[in-house]
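# Structure at a glance
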Amino acid sequence: MEKKTNQFKAEIAEMLDLVVNSLYSKKEIFLRELVSNASDAIDRAKYLSLTQKDLAADNPEWSIEVAVDKTSGTMMITDNGIGMDADDLENNLGTIASSGTKAFRKALKEKGGEALPELIGQFGVGFYAAFMVADKVRVVTKKRGTSAAFQWESDMTGGYTISDAERADYGTSIMLHMREDQKEYLDYWRVSDLVKKYSDFIAYPIRFRTVDVPADEKDEDRKRREEREAKPMNTMVALWKRNRKDVKDDEYAEFYKHLTHDYDGPFETIPFSGEGAVEFKALLFIPKKPSMELFMPQQKRGLSLYVRNVFIGDDIEMLLPTWLRFVKGVVDSSDLPLNVSREMLQDDAVIAKIKSAVTSKVLSVLEDLKKKGERYDEFFGAFGTVLKEGVHVDWEHADRIKKLLKYPTARTDAGKRVFLEDYVKDMAPDQKDIYYIVAEREDDARRAPQLEKARKHGCDVLLFCDPVDEYLTESFREFDGKRLVDIAKGDVQFGSEAEQKAEKEANEKAAGELKGFIDTVKKQLEKEVADVRVSTRLTDSPCCLVAKEYAMSPSMVRMMRAMKQDVPDEKRILELNAGHPLVKKVASLTGDAQADAVTLLYDSALIAEGSPVADGAKFSKLVAELMLK
Ligand code: ADP
């Protein structure tokens with residue numbers, strides 16, 4: 001092929017610029033990234049050769065080599081994995097996967113150079129970390145199943161070139177021409193320390209080789225060198241096969257970073273093994289915070305699967321329910337055939353059993369965590385929203401999940417949440433149902449007039465302010481044998497039976513007295529409301545709007561409309577507080593004065609719940625007039 005020179009795509013150029021100018025001290029991570037890529041390439045070759053035997057006809061010892069030449073100041077990392085052809089080089093090393101491009105640039109702009117190593121991992125551009133320590137990088141590679149070798153070369157500033165190359169073996173070599181001030185990485189001890197620190201668990205031997213052996217090397221030096229170069233620098237023991245007590249937290253953390261590219265490290269590490277019906281080993285992690293794509297429909301999710309030490313694939317979603325999609329990790333089972341494909345996994349009984357065991361394990365870890373107060377709150381703040389989905393989609397685990405949910409209530413301070421059990425424990429003596437109110441923001445919920453009566457009767461109210469909460473109410477009908485009741489809907493009664501009876505009578509009486517007024521209001525607001533009646537839920541506010549029992553809340557309607565859904569206007573009920581002086585006053589007015597006062601009363605009910613008034617201009621005019629009076 002002709003030698004081609006290309007410019008990097010804008011986002012890569014931008015990133016490379018930061019790489020060079022980065023003052024980041026941990027330039028050493030370049031080695032982890034390149035070794036990690038080498039290991040992935042071998043994983044892929046090994047997996048593909050299960051079905052395409054001739055891909056591994058050379059029957060190699062799968063391995064990685066770090067060859068160092070102090071004389072020329074270079075380091076070469078070689079693997080005998082899958083390799084790349086010219087197109088692969090172009091696509092893999094000249095661009096960032098297009099889906100991530102925009103997000104990457106945005107994050108780069110927002111976070112700047114300090115966050116670079118973290119971003120490099122997150123966006124799968126680890127290869128470019130090489131430029132932290134090298135001013136020139138050359139990749140020479142031959143793809144398994146093809147016969148031509150190619151070379152990719154770049155000094156960063158002038159774009160990159162792709163051309164033909166010579167190479168006998170399959171696989172890839174990354175040659176780094178080290179920067180003047182980065183030569184420390186050409187030392188055996190430095191390299192082997194880095195391998196132990198970051199890549200000990202890599203499943204293939206990583207060996208060191210000295211290229212520029214001095215001609216006059218002493219015999220005993222040669223012997224010592226040959227001995228240490230024959231041995232792998234890593235122990236290669238899969239972490240999930242080791243006992244927890246033998247593994248340091250740091251080792252788990254490094255493995256987590258290798259797996260997820262999340263440089264923050266894990267929040268919780270969960271090693272466990274399944275015994276009995278299906279035998280497997282698993283190493284699961286709960287991250288500290290949600291990844292950027294947790295709420296994207298196309299996001300990758302699931303666990304990595306190994307069968308008898310062979311990597312089958314990552315993002316195997318059949319291993320996790322959707323509502324645990326924030327969990328990362330590895331499952332290794334010997335009860336599956338080696339030649340499984342993703343399609344076969346779909347309805348494999350072994351996979352289903354592993355999924356069930358994994359689900360149960362994570363739930364029990366969360367149940368333990370629940371006893372740890374603030375630490376649980378940290379978890380729930382990050383992933384509560386995802387966990388909640390389980391109540392809706394997973395009837396088998398819904399009861400366990402419900403016990404893990406926390407909500408703010410009318411009584412809690414802002415930012416605090418309570419478990420449903422605690423809510424139930426604190427229920428008023430006469431209270432039969434669990435009350436909730438739906439609103440977009442906690443502040444709005446706390447101010448809602450519908451809370452007044454509940455408060456007066458000593459009943460607390462859950463505040464459903466997470467967008468999924470309302471959607472959840474469809475399936476979240478009860479907890480601990482108690483109904484969940486929306487206090488802003490239908491007919492809600494508080495207090496003992498005697499109190500309810502007395503209140504009902506008082507209401508009927510008030511309604512009788514106000515009948516003429518109520519009829520007038522009904523007529524005036526005919527287009528806006530379905531009915532006007534005397535309220536049982538207000539103490540301090542003059543009026544409020546309530547939905548019929550099975551109607552959507554105003555925030556849900558707004559959300560659906562924002563998503564371009566066609567939601568018909570459903571008229572609601574205007575409830576008047578018969579004992580309120582303002583209501584009495586308006587009832588005593590006549591003519592236009594009364595009509596204007598009714599308009600204001602209705603508008604204030606809309607404003608109180610965060611809805612816009614129907615006619616803003618008229619509203620301001622009436623308020624202005626009122627103020628003048
Ligand atoms: P990531 O590894 O996260 O995808 P990188 O920038 O590190 O991102 O690498 C980009 C791509 O280049 C990889 O996905 C892989 O397809 C290819 N690649 C990198 N190193 C190797 C290698 N040693 N052998 C084969 N392919 C490689």
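Above this text is the structure in question.
In this report, the structure presented in the accompanying data block is examined.

### Concerning the pairing of strand β11 (residues 303-307)
As a general feature of sheets, a regular strand has side chains that alternate between the two faces. Among the five residues that make up β11, five are buried, leaving the element largely enclosed by the rest of the structure. As judged from the four bridges shared by β11 and strand β12 (residues 310-316), these two strands associate in the antiparallel manner. Paired with Val307 across the strands is Val310, a residue of β12. Hairpin connection from β11 to β12: two residues lie between these consecutive antiparallel strands, with Arg308 at a positive phi of about 45°.

### Section: the packing of helix α18 (residues 515-524) against helix α21 (residues 591-608)
Closest axis-to-axis distance for the α18/α21 pair is 11 Å, and the angle between their directions is 70°. In terms of their interaxial angle, α18 and α21 are classed as roughly perpendicular. Between α18 and α21, the contacting residues are Phe517, Thr520, Val521 and Gln524 on the first element and Gln594, Ala595, Val598 and Thr599 on the second. Split into classes, the residues belonging to the contact of α18 with α21 amount to four nonpolar, four polar and no charged.

### As for the packing of aromatic side chains
In this description, a pair of aromatic rings is defined by centroid distance and the angle of the planes. Taken as a whole and judged by the stated rule, the model has 21 aromatic pairs. Seen in terms of ring centroids, Phe127 and Tyr128 are 5.3 Å apart; in terms of plane orientation they differ by 80°. Their pairing is edge-to-face. Tyr128 matches Phe127 in its accessibility class, with the two residues each being buried. Here the aromatic residues Phe201, Trp240, Phe255, Tyr256, Phe285 and Tyr306 are joined through ring pairs into a cluster of three or more. The ring of Tyr170 carries Lys142 above its face, with NZ or CZ at 5.2 Å from the centroid. In this structure, Arg375 packs its charged tip against the face of Phe267, placed 4.0 Å from the ring centre.

### Thoughts on helix α17 (residues 497-513)
In a regular helix each residue adds 1.5 Å, so 17 residues correspond to 24 Å; α17 covers 24 Å between its end C-alpha atoms and thus fits that length. Among the residues of α17, Glu503, Asn507 and Ala510 are the ones counted as buried. When α17 is viewed along its axis, its buried side chains cluster within an angular range of 65° and face the same direction. In α17, the exposed positions that point more than 90 degrees away from the buried face belong to Glu497, Ala498, Lys501, Lys504, Glu508 and Lys509. Those residues of α17 that are buried are in contact with α15 (451-456) and β20 (529-534).

### Some remarks on the sheet that holds strand β19 (residues 482-486)
In spatial order, the strands read β17-β16-β19-β18; together these four strands make up an open sheet with mixed pairing. Lying at the two open borders of the sheet, with one neighbouring strand each, are β17 (462-464) and β18 (478-479). Here three bridges tie strand β16 (residues 434-438) to β19, and the two strands are oriented parallel to one another. Bridged to Tyr436 within β19 is Asp486.

### With respect to the side chain of Thr74
Inspection of the secondary structure assignment puts Thr74 in strand β3 (residues 74-79). Classification of Thr74 by relative accessible area gives buried; the value is 12%. Setting aside residues up to four positions removed in sequence, Thr74 forms contacts with Ala67, Val68, Asp69, Met175, Leu176, His177 and Leu186.

### Details of unusual backbone geometry
With a phi close to 80°, Met156 is a non-glycine residue in the positive phi region. Despite not being glycine, Met236 shows a phi value in the positive range, around 65°. Considering the arrangement of structural elements, one finds Met236 in the loop between α7 (219-230) and α8 (249-260).

### With respect to the nonpolar core
Counting residues in hydrophobic clusters, the biggest one holds 78 residues, and the most contacted among them are Leu305, Phe379 and Leu387. Residue contributions to this core peak at nine residues, all from helix α10 (residues 349-369). Taken together, domain 2 (239-375) and domain 3 (404-486) each give at least three residues to this core, which thus spans both. The contact partners of Leu387, leaving out residues within four places of it in the chain, are Trp323, Leu324, Leu366, Tyr376, Phe379, Phe380, Ile401, Leu404 and Leu405. Core analysis: the second largest hydrophobic core is formed by 68 residues, Tyr188, Leu194, Met233 and Tyr256 among them.

### Side note on the sheet that holds β11
Spatial strand order, β9-β10-β13-β11-β12: five strands in an open sheet with mixed pairing. Single-partner strands in this sheet number two, and they are β9 (266-274) and β12. Going from strand to strand, the sheet's axes swing by 15° on average, the running direction of each strand aside. Here four bridges tie β11 to strand β13 (residues 328-333), and the two strands are oriented parallel to one another. If you follow Leu305 over to β13, its bridge partner there is Val331. The strands touched by α8 within the sheet are β9, β10 (280-287), β11 and β13, with β10 carrying the most contacts at an inclination of about 85°. Each of β9 and β10 is contacted by helix α11 (residues 374-393), which is oriented at about 95° to β9, the strand it contacts most.

### Notes on the environment of Lys27
Residue placement: Lys27 occurs in the loop between α1 (10-21) and α2 (29-51). Among the residues examined, Lys27 registers a relative accessible area of 15% and is labelled buried. Taking C-alpha positions, Lys27 is 5.9 Å from Met132, a pair spaced 105 residues apart along the chain.

### Structural notes on the pattern of salt bridges
Applying the stated criterion to the full structure yields 46 salt bridges. A salt bridge links Glu153 to Arg138; the shortest N-O distance between them is 3.6 Å. With Glu153 in strand β5 (residues 149-156) and Arg138 in strand β4 (residues 134-142), this pair connects stretches of sequence that are 15 residues apart. Relative accessible area serves as the criterion here: at 30%, Arg138 is assigned to the partly exposed category. The partner of Asp531 in a salt bridge is Lys522, with the nearest N and O atoms 3.4 Å apart. Assessed through its relative accessible area of 26%, Asp531 is described here as partly exposed. What you see here is one network of salt bridges that share partners, running through Glu28, Glu184, Arg190 and Lys197.

### Examining the state of the cysteines
Enumeration according to the criterion identifies zero disulfides in this entry. Of all cysteine sulfurs, the one in Cys544 lies closest to Cys459, which takes part in no disulfide; the gap is 16 Å. Looking at Cys459, the relative accessible area reads 7%, which means it is buried. This cysteine, Cys544, is not joined by any disulfide, and Cys543 carries the nearest cysteine sulfur, 7.1 Å off. For Cys544, a relative accessible area of 1% translates into the label buried.

### Re the pairing of β5
Most of β5 is tucked away, with seven of its eight residues classed as buried. Linking β4 back to β5 in an antiparallel pair, the connection comprises six residues, with Gly145 at a positive phi of about 90°. Relative to strand β6 (residues 159-165), β5 is paired through seven bridges, and the arrangement is antiparallel. Pairing of Glu153 across the sheet is with Thr161, part of β6. Following β5, the chain reverses through two residues before pairing antiparallel with β6.

Conventions used here
- For every chain, the first residue of its written sequence is number 1, and the numbers climb from 1 along that sequence.
- Note on the predicted model: pLDDT of at least 70 is required for a residue's local features to be given, and 80 or more for side-chain atom pairs to be given and counted; whole-chain, interface and lining totals, by contrast, use all residues.
- Side-chain numbers come from the whole structure's heavy atoms, not from hydrogens or water.
- When accessible area is computed with a 1.4 Å probe and restricted to protein chains, residues below 20% of their type maximum are described as buried, those above 50% as exposed, and intermediate ones as partly exposed.
- Put simply, DSSP H or I for four residues or longer makes a helix, DSSP E for two residues or longer makes a strand, and each gets a number counted from the N terminus.
- Strand pairing is defined by DSSP finding a minimum of two bridges between the two strands.
- Every axis corresponds to a line fitted to the C-alpha atoms, with the helix fit spanning only the stretch in contact, and the corresponding angles, defined between N-to-C directions, vary from 0 to 180 degrees.
- For classification purposes, an angle smaller than 35 degrees is called roughly parallel, one larger than 145 roughly antiparallel, one from 65 to 115 roughly perpendicular, and anything else oblique.
- Contacts: residue pairs with any heavy atoms within 4.5 Å of one another.
- Think of it as three bins: nonpolar holds Ala, Val, Leu, Ile, Met, Phe, Trp, Tyr, Cys and Pro, charged holds Asp, Glu, Lys and Arg, and polar takes everything else, Gly as well.
- Here the aromatic set is Phe, Tyr and Trp, taking the six-membered ring for Trp, and pairing holds for ring centres within 6.5 Å; pairs whose planes are under 30 degrees apart are stacked, those over 60 apart are edge-to-face, and all others are tilted.
- Geometrically, a charge over a ring is one whose NZ (Lys) or CZ (Arg) sits within 6 Å of the ring centre while staying within 35 degrees of the ring normal.
- Given the number of residues in a helix, its expected span is that number minus one, multiplied by 1.5 Å.
- Starting at the helix axis, one direction is taken to each C-beta atom, and the arc is that of these directions.
- Residues belong to one nonpolar core when they are buried, are Ala, Val, Leu, Ile, Met, Phe, Trp, Tyr or Cys, and are joined through side-chain atoms within 4.5 Å.
- Start and end points for every domain follow an automatic or database-based domain assignment.
- The term salt bridge refers to a pairing of a side-chain nitrogen on Lys or Arg with a carboxyl oxygen on Asp or Glu at a separation within 4 Å.
- By convention in this document, the label disulfide applies to cysteine sulfur atom pairs within 2.5 Å.

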